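Structural characterization, general
The primary structure of each chain is shown beneath.
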Amino acid sequence: MELQMTKGKRISDPSHLRDFYEKFGLPRLIISLFLLGLFMLALIMKMDITLLLSASIDRIGMNGLLVLAMLPTLVTGVGLNFGLPVGFVCGLVGGVISMEYNLTGFTGLFTAMLCALPLAIISGYLYAALLDRVRGQEMMVGTYVGFAVVAGMCIFWLTAPFKNPAMIWAIGGKGLRVTLTLYEHYSKVLNNFLVFDLFGVTIPTGLLLFFAFFCWLASLFFQTRTGLAMIATGANPMYAKSSGINTRKMRYLSIVISNVLAALGAVVYAQSYGFLQLYTAPLYMAFPAVAAALIGGATLKKATVSHIVIGTILFQTLLTIALPVTQTVLQGTDISEIARMIISNGMILYALTRNERG
Amino acid sequence: MPESAVLELKDISKSYFGTTVLKGINLSVKPGEIHAIVGENGAGKSTLMNLIFGMPVIHDTGGFEGDILMDGQIVKITSPRQAMELGIGMVHQEFMLIPGFTVTENIKLNRELTKPNLASNILGSSMETLDYHTMREDSRRALDKLGLAIDENTFVSRLPVGYMQFVEIAREIDKKNARLIVFDEPTAVLAESEADHLITAMKLLAAQGIAILFITHRLDEVMDCSDTISILRDGELVKYLSRNETSVDEIAELMVGRKLERGHLPPRQVDPDDNDLILELENFKVKMPGEQVRSFNLKVRRGEILGLGGLAGQGKVGIANGVMGLYPADGQVIKDGHALKLNDPKAALDAKMAFVSEDRRGVGLLLDESIAVNIVLTSIEAQQRFLRRTFLPGVRLLDQKAVREYAAKIIKDLDIRCTDPNQPVRRLSGGNQQKVCLARAFSLQPEILWVSEPTRGIDIGAKQLVLDLLVHFNREYGMTIIMTSSELNELRTICDRIALVYKGKVAGILKPDASDRDFGLMIAGKQPVKEVG
């Protein structure tokens with residue numbers, strides 16, 4: 001957290017450049033240069049840049065909230081929320097309920113979110129209670145809680161009493177299908193809100209505004225008394241305690257907020273994707289979000305909204321651009337999925353081994 | 001010297017990073033002699049022992065000057081292993097024993113007796129069988145030497161705490177070449193009767209011709225068992241005494257000494273009055289590891305600077321931590337006639353008390369946050385200051401402008417040397433970090449300011465500034481200050497009264513101008529003949 005200073009610095013000032021470099025960090029500089037190189041390559045290969053850019057922007061908005069869900073737990077020192085699927089499935093349940101009643105457009109979208117909200121709060125509280133008992137190992141335990149919840153929900157999807165024929169298995173008439181298409185419900189309502197083309201690049205205004213709105217809320221939140229208490233809890237629990245802060249409450253709160261963001265993020269993700277993916281699909285949802293937060297410069301010690309935004313942009317652009325480009329260059333070889341795994345898991349590994357500064 | 005000395009130190013000096021901790025120490029121990037080394041915390045006792053035992057910390061920091069002689073020969077002790085080979089043993093303050101092993105196994109650890117078997121003939125000596133029978137006999141012999149009737153086959157974990165120390169001693173004397181044993185405050189964790197037993201054991205060992213170096217601050221024990229006494233103060237050997245020609249009083253006086261002169265303190269408008277109490281502690285107990293407070297009673301007068309002194313581990317540090325709710329506390333704390341809710345930091349802050357912790361980096365600061373945030377965060381959380389209203393009722397945000405102005409002002413007032421209020425406190429010097437801690441506490445506008453070890457780890461110039469600042473707070477704003485410090489002289493320069501803490505209780509309250517003898521006796525838990533204060 002930094003105060004805005006009144007005295008401005010000139011851009012030409014060399015110390016200004018160094019400040020910028022220190023803030024931005026070497027990893028992000030390398031990735032940015034790598035991205036730039038990829039764009040050049042795409043130009044040389046005469047690929048459709050506008051298409052690549054559109055896809056990137058789409059994916060940034062689609063994943064933004066899920067990455068933002070990492071922020072509260074990082075700030076309070078709980079660590080990266082590897083239990084993201086806990087919140088994610090709440091979002092899916094909300095989405096399914098809204099679909100059951102054949103709600104469409106924004107009504108459908110917001111009903112899904114409203115239904116997901118109480119579920120996310122309750123499950124978030126229970127999840128927080130569990131993490132509180134395993135202090136110091138939140139990230140590992142969270143990973144397995146996520147896996148377990150996804151597996152448990154498979155039973156729910158099979159047995160839940162949904163009736164809408166568009167959702168249930170055609171044969172047998174019971175249980176939800178693996179992939180539900182939202183085409184007739186609320187597919188891309190945020191994406192298409194005030195959508196426009198800029199030099200051929202599609203800008204999904206609604207989607208970006210929605211992400212920006214939550215980022216703005218988050219940055220305001222960390223200026224409130226509660227938000228500052230969270231920062232203190234993460235930075236030095238003893239300082240927090242001696243300042244009269246209930247550190248346990250702050251940890252609980254951060255996990256619940258993270259869970260709610262994950263649930264909302266799931267609905268946004270689904271509407272942008274056009275499908276609700278049930279069963280085992282949410283299993284590995286946490287990893288790209290974790291990787292994005294870490295690429296952005298968030299560490300287990302310190303994380304800010306700007307880390308989240310930078311991380312989402314870099315990581316998602318990298319994924320969307322790198323794969324088609326490499327595929328075009330190395331013709332015929334399908335390395336897309338492998339590359340995706342290497343980049344995201346490698347990034348997580350890299351960041352977790354360096355506990356200090358990213 | 002008629003007899004040759006087992007160990008002789010000649011002109012030993014040692015400094016850590018430019019700070020001299022030992023200056024020209026000369027010392028010698030004869031066989032069968034018990035030589036006591038006494039001194040306050042930080043007098044250099046531990047450094048001296050580390051040096052004799054060849055601890056790596058000495059060599060990692062540039063070695064030392066002077067010579068160590070054994071039997072008249074200069075020896076170079078570069079590792080504890082070498083010290084052991086030379087026949088120097090050490091009994092530590094904390095037990096270095098393996099609980100799940102038997103007494104015998106602990107005594108013989110890493111020096112096991114073995115006999116060959118089939119496997120060892122093929123695979124080498126590391127596969128030899130342990131010769132338990134002989135090992136037990138050896139252990140028995142060592143335990144008998146100490147006059148200790150415990151079974152050598154019991155697990156160490158089942159022994160009473162007092163006996164563990166004896167197992168350590170048995171281990172040292174079982175070493176065939178044991179010639180000199182260093183006891184580093186061995187009685188600190190023992191009960192009275194156990195301590196007596198230990199003293200007896202030490203005498204027994206000395207009678208068998210083993211030289212003993214005995215480090216302690218319990219003056220009774222010194223008088224009880226030692227033959228000769230060295231007194232260390234600020235790294236210097238101030239006096240070498242023979243027990244027969246000295247007294248507890250003399251040792252106490254030499255131990256404390258007097259360094260700083262009490263400067264001229266500014267006058268007060270109203271002097272503290274015994275009838276105007278701001279805080280009372282009754283039967284106050286704190287569970288702080290290493291600093292237990294047991295049944296502590298204290299009355300604090302409004303507007304005074306009260307010192308809490310005493311040796312490390314006696315509980316003085318626990319008091320402030322207990323009152324402020326950072327460690328589990330029990331008993332009665334009455335502030336202005338109202339009982340304070342214990343174990344609740346918020347309640348303590350609401351009672352207009354603030355705390356500057358002895359653990360500056362661990363409790364006092366958010367190292368990676370800016371100076372401004374460090375100063376105001378507690379005020380924001382505890383008193384809801386530095387917040388501005390927004391259009392939403394109930395939602396208040398950090399008032400950046402107010403914080404900036406306040407931080408700039410207090411940085412100027414307390415003379416915190418920094419580039420700007422946004423600088424992370426990690427980059428500040430120790431003295432400036434301490435000023436940030438003081439600024440944080442001061443911002444709470446407390447009526448009572450608890451300060452623990454305010455000058456620890458900061459350089460001498462900064463020390464004086466910090467002390468001046470405390471006097472300034474006291475005189476200018478009428479804050480009652482309760483200052484905990486291991487440095488008696490520091491307390492004596494600014495305090496109105498000094499309570500000395502011993503074994504978690506008040507040993508006595510002294511005026512700062514009381515004699516060195518009284519201070520020395522009280523920190524060692526003895527009452528001066530005449531009651532003062």
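All of these numbers come straight from a predicted model, not from anything done at the bench. (Residues numbered from 1 in each chain as written. Chains lettered and ligands numbered in written order. Predicted model: local features only at pLDDT ≥ 70, side-chain atom pairs only at ≥ 80, totals over all residues. Heavy atoms only, no water.)

Thoughts on the sheet that holds strand β22 (residues 480-484) of chain B
Residue and element names in this part refer to chain B.
- In space, the six strands of this open sheet follow the order β18-β21-β22-β15-β23-β24, with mixed pairing throughout. Of all strands in the sheet, those bounded by a partner on one side alone are β18 (353-356) and β24 (505-510). Each strand axis lies, on average, 20° off the axis of its neighbour in the sheet, ignoring direction.
- Where strand β23 (residues 497-502) meets β24, five bridges bridge the pair, whose relative direction is antiparallel. The residue bridging Val-501 from the neighbouring strand is Val-506, located in β24.
- Here helix α11 (residues 316-323) sits on the sheet and contacts β15 (305-309), β18, β21 (448-452), β22 and β23; the angle it forms with β21, its principal contact strand, is near 140°. (Pairing = 2+ DSSP bridges. Helix = DSSP H or I, 4+ residues; strand = E, 2+ residues; numbered from the N terminus. Axes fitted to C-alpha atoms, helices over the stretch in contact; angles between N-to-C directions. Contact = heavy atoms within 4.5 Å.)

Focus: the domain arrangement of chain B
- Looking at chain B, the domain boundaries give domain 1 (1-87 + 177-257), domain 2 (98-175) and domain 3 (277-523).
- If you average the C-alpha positions of domain 2 of chain B and of domain 3 of chain B, the two centres end up 49 Å apart. (Domains from an automatic or database assignment.)

Comments concerning the pattern of salt bridges
- Throughout the structure, instances matching the rule amount to 33 salt bridges over all chains.
- With its nearest N and O atoms 3.0 Å apart, the salt bridge here joins Arg248(A) to Asp132(A). Highlighted residues: Arg248(A) in helix α12 (residues 247-273) and Asp132(A) in helix α6 (residues 105-133), separated in sequence by 116 residues.
- Notably, a salt bridge pairs Glu405(B) with Lys401(B), separated by 3.6 Å at the nearest N-O pair. Here Lys401(B) and Glu405(B) lie together in helix α15 (residues 400-413), a separation of four residues that amounts to about one turn.
- On the basis of relative accessible area, Lys401(B) is assigned to the exposed category, the value being 51%.
- Three or more residues are tied together by salt bridges with common partners; here these are Asp276(B), Arg302(B), Lys335(B), Asp336(B) and Glu447(B). (Salt bridge = Lys/Arg side-chain N within 4 Å of Asp/Glu carboxyl O. Buried < 20%, exposed > 50% of the residue type's maximum accessible area, 1.4 Å probe, protein only.)

Some points on helix α1 (residues 45-52) of chain B
- Most of α1(B) sits inside the fold, with seven of its eight residues counted as buried.
- One or two positions beyond α1(B), positive phi appears at Gly54(B), with a value near 65°.

Let's talk about the interface of chain A and chain B
- Facing the 25 residues of chain A at the interface are 32 residues of chain B.
- Interface area, chain A with chain B, both sides summed: about 2900 Å², of which 57% is carbon and sulfur.
- For the salt bridge of Lys302(A) with Glu369(B), the shortest nitrogen-to-oxygen distance reads 3.5 Å.
- At the junction of chain A with chain B, the criterion picks out 12 residue pairs in polar contact (both at pLDDT 80 or more).
- Listed by contribution, the elements that provide at least two residues to the side of chain A that touches chain B are α10 (225-235) and α11 (237-242) of chain A. (Buried area = accessible area lost by both parts, 1.4 Å probe. Polar contact = N/O pair within 3.5 Å; in protein donor to acceptor, adjacent residues only side chain to side chain.)

Points about the packing of aromatic side chains
- Considering all chains together, one arrives at 19 aromatic pairs over all chains under this definition.
- When the ring of Phe213(A) is compared with that of Trp216(A), the centres are 6.4 Å apart and the planes differ by 35°; the resulting orientation is tilted. Of this pair, Phe213(A) and Trp216(A) both sit in helix α9 (residues 205-221), three residues apart, which is roughly one turn of the helix.
- Seen in terms of ring centroids, Tyr269(A) and Tyr273(A) are 6.0 Å apart; in terms of plane orientation they differ by 35°. Their pairing is tilted. With Tyr269(A) and Tyr273(A) both in helix α12 and four residues apart, the pair spans about one turn of that helix.
- Each residue in the set Phe82(A), Tyr144(A), Phe147(A), Tyr284(A) and Phe287(A) is aromatic and connected to the rest through ring pairs, giving one cluster.
- Of note, Arg440(B) hangs over the ring of Tyr239(A), and the distance from its end group to the ring centre comes to 3.7 Å. (Phe/Tyr/Trp six-rings, centres within 6.5 Å; stacked < 30°, edge-to-face > 60°. Lys NZ or Arg CZ within 6 Å of the ring centre and 35° of its normal.)

With respect to the sheet that holds strand β13 (residues 277-286) of chain B
All names here are of chain B.
- The strand order across the open sheet formed by four strands is β14-β13-β16-β17, and the pairing between neighbours is antiparallel. A strand with exactly one partner marks an edge of an open sheet, and here the two such strands are β14 (293-301) and β17 (338-339).
- Of the pairings in the sheet, the one linking strand β16 (residues 329-335) to β17 comprises two bridges and is antiparallel in character. Note that in β17 the partner of Lys-335 across the bridge is His-338.
- Of the strands in this sheet, β13, β14 and β16 touch α11, which is tilted by about 110° from β13.

Notes on unusual backbone geometry
All names here are of chain B.
- Backbone geometry at Asp-11 places phi at a positive 50°, although glycine is not the residue there.
- Phi is positive for Asp-415, close to 55°, though the residue is something other than glycine.
- Turning to its location among the elements, Asp-415 is positioned in the loop between α15 and α16 (430-443).
- The class for Asp-415 is partly exposed, based on a relative accessible area of 32%.

Topic: the packing of helix α3 (residues 49-68) of chain A against α9(A)
Residue and element names in this part refer to chain A.
- At their nearest, the axes of α3 and α9 sit 9 Å apart, and the two run at 30° to each other. It follows from the interaxial angle that α3 and α9 lie roughly parallel. The interaxial crossing formed by α3 with α9 has left-handed handedness. Contact residues: Ile-57, Asp-58, Gly-61, Met-62, Gly-64, Leu-65 and Leu-68 in α3; Leu-207, Leu-208, Phe-210, Phe-211, Phe-214, Cys-215 and Ala-218 in α9.
- Along the lines of polarity and charge, the residues of the contact of α3 with α9 split into 11 nonpolar, two polar and one charged. (Parallel < 35°, antiparallel > 145°, perpendicular 65-115°, else oblique. Left-handed = near helix turned anticlockwise from the far one by under 90°. Nonpolar A, V, L, I, M, F, W, Y, C, P; charged D, E, K, R; others polar.)

Section: the side chain of Asn164(A)
All names here are of chain A.
- Along the chain, Asn-164 turns up in the loop between α7 (138-159) and β1 (179-181).
- With relative accessibility at 7%, the residue Asn-164 sits in the buried group.
- The residues touching Asn-164, leaving out its near neighbours within four places in the chain, are Met-99, Glu-100 and Asn-102.

Concerning the packing of helix α10 (residues 248-256) of chain B against helix α19 (residues 516-523) of chain B
Residues and elements named next belong to chain B.
- Running from amino to carboxyl end, α10 crosses α19 at an angle of 100°, the nearest separation of the two axes being 7 Å. Between α10 and α19, the interaxial angle falls into the category roughly perpendicular. On the side of α10, the interface is formed by Val-248, Asp-249, Ala-252, Glu-253, Met-255 and Val-256, while α19 contributes Asp-516, Arg-517, Phe-519, Gly-520, Leu-521 and Ile-523.
- Residue composition of the contact of α10 with α19, by class: seven nonpolar, one polar and four charged.

Describing the environment of Val156(B)
Residue and element names in this part refer to chain B.
- Locating Val-156 in the fold gives a position in the loop between α6 (132-145) and α7 (161-174).
- In this structure Val-156 comes out as buried when scored by relative accessible area, which is 2%.
- Along the primary structure Val-156 and Phe-386 are separated by 230 residues, whereas in three dimensions their C-alpha atoms are 57 Å apart.
- If we skip the residues at most four places from it in the chain, Val-156 touches Leu-97, Ile-98, Pro-99, Phe-101, Thr-102, Val-103, Asn-106 and Met-164.

Regarding the pairing of strand β10 (residues 211-215) of chain B
Residue and element names in this part refer to chain B.
- Buried residues dominate β10, accounting for five of its five residues.
- Both faces of β10 are covered, namely the face carrying Ala-211, Leu-213 and Ile-215 and the face carrying Ile-212 and Phe-214.
- Judged from the five bridges that link them, strand β9 (residues 180-184) and β10 form a sheet pairing that is parallel. Paired with Val-182 across the two strands is Leu-213, which belongs to β10.

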